[in-house]
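Inside the fold
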Amino acid sequence: MTAKPSQKLLAAALLCVVLALPAYAQNHTVTDSGTVDKETADRVYPSKPPYSPYVGRNFPTRPLFGDTHLHTAMSFDAGMFGAKLGPVEAYRFAKGEEVTSSSGQRVRLSRPLDFLVVADHSDFMGLAPDFLGGKPEVLADPTARRWYELIREGKAGQAFNELLPLYGAGKMPATMQYLPGSPGYRSAWQATIQAAEQANEPRRFTAFIGYEWTSNTGGNNLHRNVIFRDDGAKASQIEPYTTFPPLGSDDPRDLWKWMAAYEQKTGGRLLAISHNGNVSNGRM
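The structure contained in this document is the topic of the report that follows. (Residues numbered from 1 in each chain as written. Predicted model: local features only at pLDDT ≥ 70, side-chain atom pairs only at ≥ 80, totals over all residues. Heavy atoms only, no water.)

1. Quick look at the sheet that holds strand β4 (residues 115–118)
- Pairing is parallel across the open sheet formed by three strands, whose spatial order is β1-β4-β5. Two strands in the sheet have a free side with no partner beyond their single neighbour: β1 (66–70) and β5 (206–208). Looking at each pair of strands side by side, their axes are set apart by 10 degrees on average, direction ignored.
- Two elements, β4 and β5, share three bridges in a ladder whose sense is parallel. Of the residues in β5, the one forming a bridge with Leu116 is Ala207. (Pairing = 2+ DSSP bridges. Helix = DSSP H or I, 4+ residues; strand = E, 2+ residues; numbered from the N terminus. Axes fitted to C-alpha atoms, helices over the stretch in contact; angles between N-to-C directions.)

Take a look at the structure:
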């Protein structure tokens, strides 16, 4: 019986394998069980890097985008120079909602943020909207009333030239002294906390409670954004640390002491992030 071509090829292949076995046995160590030892296998078949580049990785790889330094109308500088939106609108905008800006234009982000810290100034927080809104308690002081009238008459430049130096020195009229302990200040801080609590959506959007401590002695910028890891229940137990003594200080070391006292009192956590160190004249 004549073998088919395919059978001839198979027979030839088997013959090659049989002839090669003695040579393999002479060059490789074979165990009693008939397997090649690990050292020989590693030499004949060297290990290669994992095909998947993610093998062994255990760190986060998803970048999150947000802002840790945003002012609203609650800040004296932003509010006095035209900002009309508050913390609620700021968080809405950050989450991708459409809002009407201070200029009257409809605006919306092309991509929502993942987190936001509304960091309004600790000093005189909430004064600007009350002052510009003509709150009677604020305008009870004659100087405050005169500035208010100048702004309404279109002479904002003159009013600012008078009040800004006093603001920087902490010598504003008594009715405009929005500092920790005052009703206006406490109301602004609670509004800030409430806005963050309402906007926070775990795993979708993080609304941090925070403020900016704005030390600027001698024109040296030592600003810090103070960010709470906590919710409103803990943040409500204190009011922001200012730069004006005796309730505050322009020394960062005193800010850190205040932070430590907060953590000890509430069991919470705080983070202070410096910014604009390039205008600190090397002090930061």
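2. Observations concerning the nonpolar core
- Membership of the largest hydrophobic core comes to 50 residues, with the highest contact counts inside it found for Tyr91, Leu127, Phe131, Trp189, Tyr211, Phe228 and Trp258.
- For this core, the element with the most residues is helix α9 (residues 183–199), which contributes seven residues.
- Filtering out sequence-adjacent residues up to four positions away, Phe228 remains in contact with Trp189, Phe208, Ile209, Gly210, Tyr211, Ala235, Ile238, Trp258, Tyr262, Arg269 and Leu270. (Core = buried A, V, L, I, M, F, W, Y, C linked by side-chain atoms within 4.5 Å. Buried < 20%, exposed > 50% of the residue type's maximum accessible area, 1.4 Å probe, protein only. Contact = heavy atoms within 4.5 Å.)

3. Some thoughts on unusual backbone geometry
- The peptide bond linking Pro245 to Pro246 adopts the cis configuration, its omega dihedral lying at 5 degrees.
- Along the chain, Pro246 falls in the loop between α10 (232–235) and α11 (252–266).
- In this structure, Phe124 takes a positive phi of about 60 degrees despite not being glycine.
- Judged by relative accessible area, Phe124 falls into the buried class, the value being 0%.
- In this structure, Arg203 takes a positive phi of about 70 degrees despite not being glycine.
- Inspection of the secondary structure puts Arg203 in the loop between α9 and β5.
- Classification of Arg203 by relative accessible area gives exposed; the value is 89%.

4. With respect to α11
- Given a rise of 1.5 Å per residue, 15 residues ought to cover 21 Å, and the 21 Å separating the end C-alpha atoms of α11 matches this to within 8%.
- Those residues of α11 not exposed but buried are Pro252, Leu255, Trp258, Met259, Tyr262 and Thr266. For α11, the arc enclosing every buried residue in end-on projection is 110 degrees, short of the 170-degree limit, so these residues lie on one face. In α11, the exposed positions angled more than 90 degrees off the buried face are occupied by Arg253, Lys257 and Gln264.
- Buried residues in α11 make contact with β6 (210–213), β7 (224–228), α10 and β8 (270–274).
- Its side-chain oxygen placed 2.9 Å from the backbone nitrogen of Arg253, Asp251 serves as the N-cap of α11.
- Of the residues flanking the end of α11, it is Gly267, one or two places downstream, whose phi is positive at about 75 degrees. (Expected span 1.5 Å × (residues − 1). Arc of directions from axis to C-beta. Polar contact = N/O pair within 3.5 Å; in protein donor to acceptor, adjacent residues only side chain to side chain.)

5. So, the packing of helix α7 (residues 142–152) against helix α8 (residues 156–169)
- Close contact between α7 and α8 brings their axes to 7 Å; oriented N to C, the two are set at 145 degrees. Of the two possible hands of crossing, α7 and α8 adopt the one that is left-handed. Residues Arg146, Trp147, Leu150 and Ile151 of α7 pack against Ala156, Gln158, Ala159, Phe160, Glu162, Leu163 and Leu166 of α8.
- Tallied by class, residues from the contact of α7 with α8 come to eight nonpolar, one polar and two charged. (Left-handed = near helix turned anticlockwise from the far one by under 90°. Nonpolar A, V, L, I, M, F, W, Y, C, P; charged D, E, K, R; others polar.)

6. Some words on the packing of aromatic side chains
- For the coordinates displayed, the defined rule picks out 13 aromatic pairs.
- Ring centres of Phe131 and Tyr148 lie 6.2 Å apart, and the angle between their planes is 75 degrees; on these two criteria the pair is classed as edge-to-face. With Phe131 in helix α5 (residues 127–132) and Tyr148 in helix α7, the pair connects residues that are 17 residues apart, well separated along the chain. Of the two residues, Phe131 and Tyr148, neither departs from the other in class, the shared state being buried.
- Ring centres of Trp189 and Phe228 lie 5.8 Å apart, and the angle between their planes is 45 degrees; on these two criteria the pair is classed as tilted. Linking Trp189 in helix α9 with Phe228 in strand β7, this pair joins segments that are 39 residues apart in sequence. By the burial criterion, Trp189 is buried, and Phe228 matches it.
- Among the aromatic residues, those joined into a ring-pair cluster are Trp189, Tyr211, Phe228, Tyr241, Trp258 and Tyr262. (Phe/Tyr/Trp six-rings, centres within 6.5 Å; stacked < 30°, edge-to-face > 60°.)

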